[in-house]
Amino acid sequence: MAKGARGASALILLAALGLSACSSTTTTEATSAEGLSIVATTTMLGNVVGDLAACAGGTVTTLIPGGADPHDFSPSSKQVASLVRADIVIANGLDLEGGLVDALNSAQADGARVYEVAPHISPEEFAGSTTPDPHFWFDMSRMADAVELIGAQLATVGTDKYRDCALDQAAEIRAAETQVKATLNSVPVDKRVLVTDHDAFGYFAKAYGYSIAGAVIPSGTTLAEPSTASLAALAKTIKAEGVTAIFANTNAPKALATAVAGEVGYPVEVVDLYVDSLGASGSGAESYIGYMQSNAQRITEALKG
Ligand SMILES: [Zn+2]
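Attention in this report is confined to the structure presented alongside it. These numbers come from a predicted model, not from an experiment. (Residues numbered from 1 in each chain as written. Predicted model: local features only at pLDDT ≥ 70, side-chain atom pairs only at ≥ 80, totals over all residues. Heavy atoms only, no water.)

What about a negative patch on the surface?
Then, number 1: A grouping of Asp51, Asp164, Asp168 and Glu172 is seen on the molecular surface, where their side chains present a negatively charged patch.
Then, number 2: In terms of residues, the negative patch owes the most to one element, helix 6 (residues 161–184), which gives 3 residues.
Then, number 3: Turning to its location among the elements, Asp168 is positioned in helix 6. (Patch = residues over 30% accessible without salt bridge, like charges linked within 9 Å, V, L, I, M, F, W, Y side chains within 5 Å. Areas by Shrake-Rupley, 256 points an atom, 1.4 Å probe, with all protein chains shown as cover. Salt bridge = Lys/Arg side-chain N within 4 Å of Asp/Glu carboxyl O. Lys, Arg positive; Asp, Glu negative; His and termini not counted. Charge placed at Lys NZ, Arg CZ, Asp CG, Glu CD. Helix = DSSP H or I, 4+ residues; strand = E, 2+ residues; numbered from the N terminus.)

What to know about the packing of helix 2 (residues 43–56) against helix 5 (residues 140–157)
Then, number 1: Relative orientation of the contacting elements helix 2 and helix 5 amounts to 55°, with a least axis distance of 11 Å. Here helix 2 is positioned oblique relative to helix 5, judged by the angle of their axes. Along this stretch, helix 2 crosses helix 5, giving a crossing that reads as right-handed. Of the residues in helix 5, those touching helix 2 at Met44, Leu45, Val48, Val49 and Leu52 are Met143, Val147, Ile150, Gly151 and Leu154.
Then, number 2: Of the residues assigned to the contact of helix 2 with helix 5, the class counts are 9 nonpolar, 1 polar and no charged. (Axes fitted to C-alpha atoms, helices over the stretch in contact; angles between N-to-C directions. Parallel < 35°, antiparallel > 145°, perpendicular 65-115°, else oblique. Left-handed = near helix turned anticlockwise from the far one by under 90°. Contact = heavy atoms within 4.5 Å. Nonpolar A, V, L, I, M, F, W, Y, C, P; charged D, E, K, R; others polar.)

Things to note about unusual backbone geometry
Then, number 1: Of note, the phi angle at Leu94 is positive, near 55°, even though the residue is not glycine.
Then, number 2: Assignment of secondary structure puts Leu94 in the loop between strand 3 (88–91) and helix 4 (101–109).
Then, number 3: Phi is positive for Ser122, close to 50°, though the residue is something other than glycine.
Then, number 4: Along the chain, the position of Ser122 falls in the loop between strand 4 (114–116) and helix 5.

Describing the sheet that holds strand 1 (residues 37–40)
Then, number 1: With parallel pairing, 4 strands are arranged side by side in an open sheet as 2-1-3-4. Edge strands, defined here as strands with exactly one partner in the open sheet, are strand 2 (59–62) and strand 4. In this sheet, adjacent strand axes meet at a mean angle of 20° when their direction is disregarded.
Then, number 2: Relative to strand 4, strand 3 runs parallel, the two being bridged by 3 bridges. From the neighbouring strand, Ile90 faces strand 4, where its bridge partner is Tyr115. (Pairing = 2+ DSSP bridges.)

Regarding the coordination of the zinc ion
Then, number 1: All of the protein donors around the zinc ion are His71 (NE2), His135 (NE2), His198 (NE2) and Asp276 (OD); their distances to the metal are 2.0 to 2.1 Å.
Then, number 2: Geometry at the zinc ion is tetrahedral, judged from its 4 donor atoms and the angles of 93 to 124° they form at the metal.
Then, number 3: Summarised as a motif, the one-chain spacing of the donors to the zinc ion is H-x63-H-x62-H-x77-D. Within this pair, whereas His71 is found in the loop between strand 2 and helix 3 (77–85), its partner His135 is found in the loop between strand 4 and helix 5, the two being separated by 64 residues in sequence. For the pair His71 and His135, a shared accessibility class is recorded, and that class is buried. (Donors = N, O, S within 2.8 Å, 3.2 Å for Na, K, Ca; no water. Tetrahedral: all angles 85-135°; square planar, octahedral: opposite > 155°, others 65-115°. Buried < 20%, exposed > 50% of the residue type's maximum accessible area, 1.4 Å probe, protein only.)

Concerning the state of the cysteines
Then, number 1: Per the stated rule, a full pass over the model turns up 1 disulfide.
Then, number 2: Covalent S-S linkage joins Cys55 and Cys165, the inter-sulfur distance amounting to 1.9 Å. For the disulfide bridge between Cys55 and Cys165, the dihedral angle about the S-S bond is near -75°, and by the sign convention the bridge is left-handed. Remark: Cys165 occurs in helix 6 and Cys55 occurs in helix 2; sequence separation between them is 110 residues.
Then, number 3: With relative accessibility at 35%, the residue Cys55 sits in the partly exposed group.
Then, number 4: Cys165 sits in the buried class, given a relative accessible area of 5%. (Disulfide = S-S within 2.5 Å.)

What about the side chain of Thr43?
Then, number 1: With respect to the helices and strands, the residue Thr43 is situated in helix 2.
Then, number 2: Residue class for Thr43 comes out buried when judged on its relative accessible area of 12%.
Then, number 3: At 2.9 Å, the side chain of Thr43 forms a polar contact with the backbone nitrogen of Leu278.
Then, number 4: With residues near it in sequence (within four places) discarded, Thr43 still touches Thr62, Ile64, Pro65, Gly66, Asp276, Ser277 and Leu278. (Polar contact = N/O pair within 3.5 Å; in protein donor to acceptor, adjacent residues only side chain to side chain.)

Here we look at the pairing of strand 2
Then, number 1: With 4 bridges connecting them, strand 1 and strand 2 associate as parallel partners. By the bridge assignment for strand 2, Ala40 is matched with Thr62.

Side note on the nonpolar core
Then, number 1: Ranked by internal contacts, the top residues of the largest apolar core, which has 59 residues, are Leu154, Tyr288 and Tyr291.
Then, number 2: In terms of domain composition, this core takes at least three residues from each of domain 2 (34–180) and domain 3 (186–304).
Then, number 3: With near-sequence residues (within four places) excluded, Leu154 lies in contact with Leu36, Ile38, Val49, Leu52, Ile88, Ile90 and Tyr162.
Then, number 4: In terms of nonpolar packing, the next biggest core, distinct from the first, is built from 16 residues, Val243, Ile246, Ala257 and Val268 among them. (Core = buried A, V, L, I, M, F, W, Y, C linked by side-chain atoms within 4.5 Å. Domains from an automatic or database assignment.)

Spelled out as structure tokens, the structure:
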């Protein structure tokens, strides 16, 4: 718990009411929900929830470090304990955080409040499957909706300010999406074809009018291993569709993507995208909006040729 922040909030309230700090009998109940201690799982959620806390108060700890793969992240025992201590845990859900499922379940059994947002944004299924796709944040409009839902959840344990701040932040994301769309729309329609690291771009493709020719790891998680046959088939598809770029993952090895590119028979560029983690500080992709803008820029530059 952010005891210091709570104390400070109480003082601010007392000052606002024109009461002296000596009126110690004044209940602090009204402000006890301020200064929430929040844990977010992914860097994308950590960033948007961090902005909410900057606006409405509270502290946010992001569990999965920048550059780490949410599909493959296992928490330390200290991190598991932090889930129970937090006022609320904001998780992506839909099995994105595969290595956190047990920890989140046992934290909930121990009384932790966990809000998984992805199930609430009308999730899509992976192509050709009935499994819901957790990568919703690649559609900025859904992320804006998610921010509003998270704000409403935080308001149930904190103040209404979280809800108000979420509305402003969602509006900011929707405005940034207009720019991202303009960037992506500058790619000629017949070149809007993606080959990616794993099946993470379904929402992106649907939202921004792109199609997906395939993925190096033909799975919704990075944990699957592609077969030689699937890699050969991907190279064939790339050639048949005249694709000129494979989008790899800044945080994963590029050997497979490079090998596929080498099989196509004409030059195919391997371009890094920020996939399931924001970029490092100073990369321009360290905020959620910057991450989406960086990816849109990279895709546009690669496909416009
Ligand atoms: Zn993923």
